[in-house]
Amino acid sequence: MASSDPSSAYSCRRIGPANTKGHVIYLQDEKGSPISAAHDIPLYVPREPSLLHMVVTAPRWTNATMKTSLDGTLNPIRQETRKGKLRYALNIFPHHGYIWNYGYLPQPTWTWESPIVTHPQTKRQGDNYCLDVCEIGQNIGYTGQVKKIKILGAMALINNGETDWKIVAIDVNDRFANQLNSIEDVEYWRAGFLRATNEWLRVQDIPEGKKEKEFAFTGECKNKE
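Residues numbered from 1 in each chain as written. Predicted model: local features only at pLDDT ≥ 70, side-chain atom pairs only at ≥ 80, totals over all residues. Heavy atoms only, no water.

In the nomenclature of an unreviewed UniProt entry, the protein is known as inorganic diphosphatase of Cordyceps confragosa. Annotation of the protein in UniProt includes, under Cofactor (unreviewed entry), the sentence "Mg(2+)". Listed in UniProt under the heading Sequence similarities (unreviewed entry), the comment for the protein reads: "Belongs to the PPase family." (UniProt positions renumbered as here; feature names shortened; annotations may be inferred.)

Structure representation (structure tokens):
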């Protein structure tokens, strides 16, 4: 089954039923040819250098923990497993699943958080994955969707002792996109959203027996600069 977004040059092809280990999502270009979900989508939107592309892996209000494999052919999106079982983001009151459209910035040559490089401000190494994105718009995306976004800020989560940046952004096609141009705008127009984001990231793994996570910068969301 294929799905697409009329505003995007990309579409995705789904193989196997959702919530199974056989569920795989491949990305396609405008001609329907398969492409790498990590390497074949430009980081910057052509002719719009202030905008970036993100790939959605877990849409807002969903629970399946989906991730693009950085190894193998075409880097498809699959559901993560832990101890042989499919992994899900639990519902942590008052939230249901992911509270934003969650995904990543493509082009790992530029967006990969290296596990052998220590960040000068967080004092910790990277988490061996592309920069994660929390897209805070109103529209619910779909896994494999390629969105055009503008960056608003970033939080530095410390996950298992590694730096795990969470980029806060908004889809440029969202009805609130013109109002949100900075992290200060988010605080004003979407009061409480950054606090909810901090809480969600901090406590999400506690029901699995893990400790509450920490942040660099005492949890402050840094501006886009």
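Next, the rest of the story.
Asker: Could you clarify how one ought to interpret the environment of W110 in this entry?
Answerer: Looking at the element boundaries, W110 is found in helix 1 (residues 108-111). Judged by relative accessible area, W110 falls into the exposed class, the value being 67%. Separated by 75 residues in the primary sequence, W110 and I35 have C-alpha atoms spaced 18 Å apart. (Helix = DSSP H or I, 4+ residues; strand = E, 2+ residues; numbered from the N terminus. Buried < 20%, exposed > 50% of the residue type's maximum accessible area, 1.4 Å probe, protein only.)

Asker: Would you mind showing me how to read the side chain of T65 here?
Answerer: You can see T65 is positioned in the loop between strand 6 (48-58) and strand 7 (66-68). At 3.4 Å, the side chain of T65 forms a polar contact with the backbone nitrogen of A89. In terms of polar contacts, T65 uses its side chain to reach the side chain of Y98, at 3.4 Å. If sequence neighbours within four positions are ignored, T65 has contacts with R78, Q79, E80, R87, Y88, A89 and Y98. (Polar contact = N/O pair within 3.5 Å; in protein donor to acceptor, adjacent residues only side chain to side chain. Contact = heavy atoms within 4.5 Å.)

Asker: Please explain the environment of L51 as it appears in this structure.
Answerer: Considering the arrangement of structural elements, one finds L51 in strand 6. Here L51 falls in the buried class, since its relative accessible area comes to 10%. Placed 15 residues apart in sequence, L51 and S36 show a C-alpha to C-alpha distance of 20 Å. Those residues in contact with L51, other than ones at most four positions away along the chain, are L43, Y44, V45, I149, K150 and V172.

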